[in-house]
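Structural characterization, general
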Amino acid sequence: MTRKTRIRAALVTATALVTAATVTAGVSAAGSEKAHKPSKKQIAALFDGWNAALRTGDPEKVADRYAKDAVLLPTLSNKVRTDRAGIVDYMEHFLENKPVGKKIETHVNVLDGNSALDSGVYQFTLTDHATGKKRVVEARYTYEYEKRGGKWLIVNHHSSAMPEG
């Protein structure tokens, strides 16, 4: 075997070993992701954390539940919110009504260990800050969650009042 042939054989062998290690690592990572896939109940409970943040009355705490690049299509505003400042702004006005949320119907789809959807119908009891009068708003919702840095965050939140209400 010539020197050139030996070098070529060594390169082919090294490439094969690196490829095998990469494939094995990928299979191992995929397997561990599957093992850590959250339950539907765990994803549905993320709403409870968001609702608890509403009850603090602090728009910053509510905004902490959203990813930095999140999109919020809110129930009580025609303006799409695409950054933290916009989400905080919406929540400042929304929280003036002392909202108390309650899910009526929920459908969770866990996509993988790092992403999930929660869609359905919820209602909010709102208290007019001027009159103290309460009203209930029923709306359809979709939360898209991603696990980022070990924390589940809202990346997309769409909420719209029921059209036949």
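Residues numbered from 1 in each chain as written. Predicted model: local features only at pLDDT ≥ 70, side-chain atom pairs only at ≥ 80, totals over all residues. Heavy atoms only, no water.

Moving on to the packing of aromatic side chains. Summed over all chains, the structure comprises 12 aromatic pairs. Summarising the aromatic geometry, the rings of Y143 and Y145 are spaced 5.7 Å apart at their centres and angled 10° between planes, so their arrangement reads as stacked. Like Y145, Y143 is buried. (Phe/Tyr/Trp six-rings, centres within 6.5 Å; stacked < 30°, edge-to-face > 60°. Buried < 20%, exposed > 50% of the residue type's maximum accessible area, 1.4 Å probe, protein only.)

Another point: the pattern of salt bridges. By the definition in use, this model includes six salt bridges. The salt bridge partner of D64 is R84, with a shortest N-O separation of 2.8 Å. On the criterion of sequence distance, the pair formed by D64 in the loop between α3 (59-63) and β1 (66-73) and R84 in helix α4 (residues 84-95) is long-range, its members being 20 residues apart. The exposure class of D64 is partly exposed, given its relative accessible area of 37%. By relative accessible area, which is 33% here, R84 ends up partly exposed. Its salt-bridge partner being K103, residue D118 comes within 2.5 Å of it at the nearest N-O pair. (Salt bridge = Lys/Arg side-chain N within 4 Å of Asp/Glu carboxyl O. Helix = DSSP H or I, 4+ residues; strand = E, 2+ residues; numbered from the N terminus.)

Under the counting rule described, the total for this entry stands at two cavities of 30 Å³ or more. For the largest cavity, the calculated volume is near 60 Å³. Every residue lining the largest cavity is listed: W50, L72, P74, T75, Y90, M91, F94, Y122, F124, H157 and S159. Elements supplying a minimum of two residues to the lining of the largest cavity: α4, β3 (115-127) and β5 (151-161). No other element matches α4, which puts three residues into the lining of the largest cavity. What the second largest cavity holds in volume is close to 40 Å³. In terms of lining, the second largest cavity is formed by T75, L76, F94, F124, L126, V137 and A139. Only β3 and β4 (134-148) provide two or more residues apiece to the lining of the second largest cavity. (1 Å grid on protein atoms, 1.4 Å probe; cavity = no way out; pocket = protein on both sides within 12 Å on 5 of 7 lines; lining within 4 Å. Points joined across faces, edges and corners; volume = space filled by probe spheres on them.)

Take S115: it is sitting in strand β3. Among the residues examined, S115 registers a relative accessible area of 14% and is labelled buried.

Everything listed here is a matter of geometry and, on its own, says nothing about what the molecule does.
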